[in-house]
Structure formats: C-alpha cells, structure tokens
Amino acid sequence: QVQLVESGGGLVQPGGSLRLSCASSRSIFSFNAMGWYRQAPGKQRDLVAVISSGGSTNYADSVKGRFTISRDNAKNTVYLQMNSLKPEDTAVYYCNADKFTIATTRYWGQGTQVTVSS
C-alpha cells in the first residue's frame, strides 16, 4: 500500500509563505501525476496544482503566480511552495498521487491544515 505523508502546514499571516511537503513510500516515478488539493470547511475538495511524471505542471487560476509545485525524485517527495498567502487559501491541503492503467488508482495523504490569518 502507498503512504503519502504531508507536512509543513501551519498558521501564517496574510502575505506570508509556507512550503508543504509530501513524502511517498513508493518511488514517485511509479505515478503518472502527483498533485495538491485543498478543502475548506463546507466546500468541495479542489485541485490546487499538479505535476506529471514528465514535469509538466498545471495550476488552479486562483493560485497561479503565487504557488509552485515541484518534485525531488531522489527523495520521493513533492513540494508546494505557497507565497503571498491570502485568507481564502485557508484549508486542509491534501497530497494526491495518480496511477493510470485500465482505471485510475488514486492515493491520498491524511491532509495538513493551512490557516492564513492575522
């Protein structure tokens, strides 16, 4: 079974920065894509950023220019650098890994809380 362990969440003031990490128990080369999702109270879980096995990235419009997703293949870790944080970025952030075969297998981390508040 795959384990994804997030870290790096916390409380930050508006305009501040945080870096989230997602460590995989399996080589991240085995996944077709890895990403970050977030879920605010009472809302659905939405995609924040995704990075493919080839390194292509895609971002939600709300975070473009502020967030950067990256991967360290040697450490089997994916990162989300979050700058210029806003109160509306407050949510639980989940790491995701997808493997595409006949069907898509999705793996999730346990989530890490990010709170942006003064």
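Figured I'd write up the structure that's included with this text. (Residues numbered from 1 in each chain as written. Predicted model: local features only at pLDDT ≥ 70, side-chain atom pairs only at ≥ 80, totals over all residues. Heavy atoms only, no water.)

## Let's talk about the nonpolar core
Counting 28 residues, the largest nonpolar core has M34, W36, L80, M82 and Y93 as its most contacted members. Of all the secondary structure elements, the ones that give two or more residues to this core are β3 (18–24), β4 (33–39), β5 (46–52), β7 (67–72), β8 (77–82), β9 (91–100) and β11 (112–116). Here this core takes four residues from β9, the largest share from any one element. The residues touching M34, leaving out its near neighbours within four places in the chain, are L4, C22, I28, A49, V50, I51, I69, V78, C95, N96 and A97. (Core = buried A, V, L, I, M, F, W, Y, C linked by side-chain atoms within 4.5 Å. Buried < 20%, exposed > 50% of the residue type's maximum accessible area, 1.4 Å probe, protein only. Helix = DSSP H or I, 4+ residues; strand = E, 2+ residues; numbered from the N terminus. Contact = heavy atoms within 4.5 Å.)

## Focus: the environment of L20
Mapping L20 onto the fold places it in strand β3. Of the residues examined, L20 reaches a relative accessible area of 0% and is grouped as buried. Not counting residues up to four positions away in its chain, the partners in contact with L20 are S7, G8, G9, W36, V78, Y79, L80, M82, Y93, T112 and V114.

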